[in-house]
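Read off the chains here:
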Amino acid sequence: MVESEDYEEYIKNLDEFAKSALVETFNIGASRAADALSEMTGLTVDITVPEIEITSIKAVPEKVGEDVKVAVYIQLSGGFEGHAFFFLDFEDALRIFDLMMGQEPGTTTEFDDMVASAVMEMGNILISAFANALSEFLGTEINQTPPDIAIDFTPAILDFALADVGQHCDYTILLQTEMRIEGVKFKEHFTIIPHPASMKKVVETLLGGFV
């Protein structure tokens, strides 16, 4: 049986065809998330995943931005185990809340409980849509915990997930997501940090099996 470090080699060396297959999968999830957000808010929402990056877990904070972020977190289990995070810039979270409330972006200046609740629900919809798309891609059921929200520096937000997975699996899937709400563009990050066995499922689905 192939060891987890070998899966990491496969993940690191995924060709463009394999990456494009994942991009297409997550764009299906993004489209569903946009529809769900549009239904929830009554606003025009468009979400795309222009690219996917396979990166070392240690490099995620640098790529997402190491300053203070708002992050919605859901733990995944069942047919795919890991951690899913949706990262937003602090100012973007406030602007998105304003749009959801029918206010001019920039109106809200404090991240209060109302803002947190709205952003957490939005993140829940986004992560769930992406997880459901991944579930269909892998042909397995994925369970999701209720969402949680954190406001902190990126390394601190990721710390417990890295501690859980990092010693076994050094690479992760990072999606650059582009979201437009009523024509206003937001550039956010969605990342999945999988357990080694789940990394194996992704590899085998993309590359045909290495056991």
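Residues numbered from 1 in each chain as written. Predicted model: local features only at pLDDT ≥ 70, side-chain atom pairs only at ≥ 80, totals over all residues. Heavy atoms only, no water.

Moving on to unusual backbone geometry. For E182, which is not a glycine, the phi torsion comes out positive at approximately 50°. Mapped onto the elements of the fold, E182 is located in the loop between β6 (171-181) and β7 (184-194). (Helix = DSSP H or I, 4+ residues; strand = E, 2+ residues; numbered from the N terminus.)

Relative to the elements of secondary structure, T55 occurs in strand β1 (residues 45-56). In this structure T55 comes out as buried when scored by relative accessible area, which is 5%. Those residues in contact with T55 that lie beyond four places of it in its chain are V60, K63, D170, Y171, T172 and L174. (Buried < 20%, exposed > 50% of the residue type's maximum accessible area, 1.4 Å probe, protein only. Contact = heavy atoms within 4.5 Å.)

Right, let's get into the pairing of β6. A large share of β6 lies buried, amounting to 9 of its 11 residues. Bridge count between β1 and β6: 10 bridges; the pairing is antiparallel. Among the inter-strand pairings, I47 is bridged to a residue of β6, identified as M179. (Pairing = 2+ DSSP bridges.)

What follows is about the packing of aromatic side chains. Evaluated as defined, the whole model comprises 8 aromatic pairs. Each ring, one from F26 and one from F130, has its centre 5.9 Å from the other, and the planes form 65°; the classification is edge-to-face. With F26 in helix α2 (residues 16-41) and F130 in helix α5 (residues 113-138), the pair connects residues that are 104 residues apart, well separated along the chain. No difference in accessibility class separates F26 from F130, as the two residues are buried. (Phe/Tyr/Trp six-rings, centres within 6.5 Å; stacked < 30°, edge-to-face > 60°.)

Running from N to C, helix α4 (residues 90-100) and α5 point in directions that differ by 90°, and their axes come no closer than 10 Å. For the element pair α4 / α5, the angle class is roughly perpendicular. On α5, the residues that touch A93, L94, I96, F97 and M100 of α4 are M114, V115, A118, V119 and M122. Residues belonging to the contact of α4 with α5 are distributed by class as follows: 10 nonpolar, no polar and no charged. (Axes fitted to C-alpha atoms, helices over the stretch in contact; angles between N-to-C directions. Parallel < 35°, antiparallel > 145°, perpendicular 65-115°, else oblique. Nonpolar A, V, L, I, M, F, W, Y, C, P; charged D, E, K, R; others polar.)

Before going further, it helps to spend a moment on the nonpolar core. Core analysis: the biggest nonpolar cluster contains 55 residues, and F26, I47, M179 and F190 have the highest contact counts within it. It is α5 that contributes the most residues to this core, 13 residues altogether. Aside from chain neighbours lying at most four places away, what touches I47 is A30, S31, A33, A34, L37, L126, E178 and M179. Judged by nonpolar contacts, the second largest core, of 13 residues, contains F85, F87, L158 and V165. (Core = buried A, V, L, I, M, F, W, Y, C linked by side-chain atoms within 4.5 Å.)

With that out of the way, let us pick up the confidence of the model for the protein chain. Overall, the prediction assigns the protein chain a mean pLDDT of 83, with 91% of residues at 70 or greater. Element-level mean pLDDT values for the protein chain span from 65 in helix α1 (residues 4-12) up to 94 in strand β4 (residues 142-144). (pLDDT = per-residue confidence, 0-100.)

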